[in-house]
Amino acid sequence: MRRIDTSTARRVMIEFEGQPLEARQGETVAAALLAANHWSFRTTPVSGAARGPFCMMGVCFDCLVEIDGMANRQACMTEVREGMRVNRQHGAAP
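Residues numbered from 1 in each chain as written. Predicted model: local features only at pLDDT ≥ 70, side-chain atom pairs only at ≥ 80, totals over all residues. Heavy atoms only, no water.

Trainee: Tell me about unusual backbone geometry, and name the residues and values.
Mentor: Despite not being glycine, M56 has its phi angle at roughly 60°, a positive value. Of note, M56 is situated in the loop between β4 (50-51) and β5 (64-67). Phi is positive for N72, close to 65°, though the residue is something other than glycine. Inspection of the secondary structure puts N72 in strand β6 (residues 70-74). (Helix = DSSP H or I, 4+ residues; strand = E, 2+ residues; numbered from the N terminus.)

As structure tokens, then:
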């Protein structure tokens, strides 16, 4: 996975699992995480199996993450913003 040259895109800093991560303005959380080699975004409620983005267009819900304390956010449909805190989602969230 690599980004297409976006050298003119403004850089924004987000946090993933407590670690700083540089993203590009205008890209989705899923794109930023994949570009940083993070492939597992959540675990399933029953078996705990790792899941990551599949469709990248909001249909499959395999990219669910917690964003700024709110669970069940679709990483592929959420644009990054400065200071955003993203965590993996473990199992089902209320």
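Trainee: Describe the nonpolar core, and please don't skip the residues or the numbers.
Mentor: In this structure, V29, L33, F41, A75, V80 and V86 are the most contacted members of the largest nonpolar core, which totals 19 residues. Sorting the residues of this core by element identifies β1 (11-16), β2 (19-24), α1 (29-35) and β5 as the ones contributing at least two each. Here this core gets 5 residues from one element, more than from any other, and that element is α1. Apart from residues no more than four positions distant in its own chain, L33 is found in contact with F16, L21, H38, F41 and V86. (Core = buried A, V, L, I, M, F, W, Y, C linked by side-chain atoms within 4.5 Å. Buried < 20%, exposed > 50% of the residue type's maximum accessible area, 1.4 Å probe, protein only. Contact = heavy atoms within 4.5 Å.)

Trainee: Summarise the environment of L21; cite the residues concerned and give the values.
Mentor: Following the sequence through the fold, L21 ends up in strand β2. Residues within four places of L21 in sequence aside, it is in contact with V12, M13, I14, F16, A32, L33, A36 and H38.

Trainee: Explain the pairing of β6 to me, using residue names and the numbers behind them.
Mentor: Examined bridge by bridge, β5 and β6 share 3 bridges and lie antiparallel to one another. By the bridge assignment, L64 is partnered in β6 with Q74. What sits between β5 and β6 in their antiparallel hairpin is a turn of 2 residues, with D68 showing a positive phi close to 50°. (Pairing = 2+ DSSP bridges.)

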